[in-house]
Structure formats: structure tokens, C-alpha cells
Amino acid sequence: MAPALSLFTCLVLTVCIVASVDAAISCGTVTSNLAPCAGYLMKGGAVPPPCCAGVSKLNSMAKTTPDRQQACKCLKAAAKGINPSLASSLPGKCSVSIPYPISMNTNCDTVK
């Protein structure tokens, strides 16, 4: 029984390590960081400071290509019901440079 338990433990650890190599950013992380932006993205107006803090934090979390691709996909999935031009201008309004345009037309698989 002990060898089987050891093998199972090693298998679980291997799966966890392999999974962590892929994108570390979840859509929940993207959503929670950008939640303070919801009002601005729907109605415009002044960008709240917590929104820019979330944009900046999310940008700093997306260090790898898989992270940036996942963040892009999450942004596209969450973009329904928001003003596209407000969304595309948000990084600039927060003085954050991202390596791809915020647009429903962005091909997230090509984001580097």
C-alpha cells in the first residue's frame, strides 16, 4: 500500500508542477483585478485609481507568453457589455503599456 501511495503522491506533484508551467493567471484573477474598472468601462467618466492599480497589477503579473495569452482570452471573454473604445483606451489612461491591443479582434494566440 505504501508504494502505491508514494506513486500517487509523485503523480499528483508532477501534475501540479506541469500545470504551474502553463499560464498562472486565471480569469478569476483578471476579473478581480479589473472589477474596479466596471463602472468606467460601461459608462465612461474618470478612471478610478483602484482601476488603474488593478490594470498595473495585472500587467505586472503577466510575465510570460502563456500568462499574456490567458489574460487576453479572459479580457475578451469578459468584454461583453462594455464600451470597446473605453476598454481599448484604458491601459493608456492608466499609463500602462501592454503588448497587444484591447480589442475583440485581437488574436490572443499570437500575443507574445
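Scroll up for the structure.
Description of the structure in this document.

Rules of the game
Residues numbered from 1 in each chain as written. Predicted model: local features only at pLDDT ≥ 70, side-chain atom pairs only at ≥ 80, totals over all residues. Heavy atoms only, no water. Helix = DSSP H or I, 4+ residues; strand = E, 2+ residues; numbered from the N terminus. Contact = heavy atoms within 4.5 Å. Areas by Shrake-Rupley, 256 points an atom, 1.4 Å probe, with all protein chains shown as cover. Disulfide = S-S within 2.5 Å. Buried < 20%, exposed > 50% of the residue type's maximum accessible area, 1.4 Å probe, protein only. 1 Å grid on protein atoms, 1.4 Å probe; cavity = no way out; pocket = protein on both sides within 12 Å on 5 of 7 lines; lining within 4 Å. Points joined across faces, edges and corners; volume = space filled by probe spheres on them.

So, the overall build of the protein
Right, so step 1: What the protein contains, in helices and strands, is six helices and zero strands.
Right, so step 2: Helices (α) and strands (β) of the protein occur, in sequence order from the N terminus, as α-α-α-α-α-α.
Right, so step 3: When contacts within the protein are restricted to residue pairs at least 6 apart in sequence, long-range pairs at least 24 apart make up 79% of them.
Right, so step 4: Surface accessibility of the protein: about 6900 Å² in total, with carbon and sulfur atoms responsible for 67%.

As for the state of the cysteines
Right, so step 1: The full count for this structure, using the stated rule, is four disulfides.
Right, so step 2: Note that C27 is cross-linked by a disulfide to C74, the S-S spacing being 2.1 Å. In this structure the cystine formed by C27 and C74 twists about its S-S bond by roughly -85°; its chirality is therefore left-handed. Separated by 47 residues along the polypeptide, C27 in helix α2 (residues 27–34) and C74 in helix α5 (residues 65–78) bring together distant segments of the chain.
Right, so step 3: The exposure class assigned to C74 is buried, which follows from its relative accessible area of 3%.
Right, so step 4: Across the disulfide from C37 sits C51; the S-S distance is 2.0 Å. Sign of the S-S torsion, about 100° for the bond between C37 and C51, identifies this disulfide as right-handed. Within this pair, whereas C37 is found in the loop between α2 and α3 (38–43), its partner C51 is found in helix α4 (residues 49–61), the two being separated by 14 residues in sequence.

A closer look at the layout of surface pockets
Right, so step 1: The space that makes up the largest pocket amounts to roughly 600 Å³.
Right, so step 2: Along the wall of the largest pocket there are 32 residues; nearest its centre are L34, L41, L75, I82 and I102.
Right, so step 3: Secondary structure elements with two or more residues in the lining of the largest pocket: α2, α3, α4, α5 and α6 (84–93).
Right, so step 4: The leading source of residues in the lining of the largest pocket is α5, at six residues.

Everything listed here is a matter of coordinates, which is why it stays silent on function.
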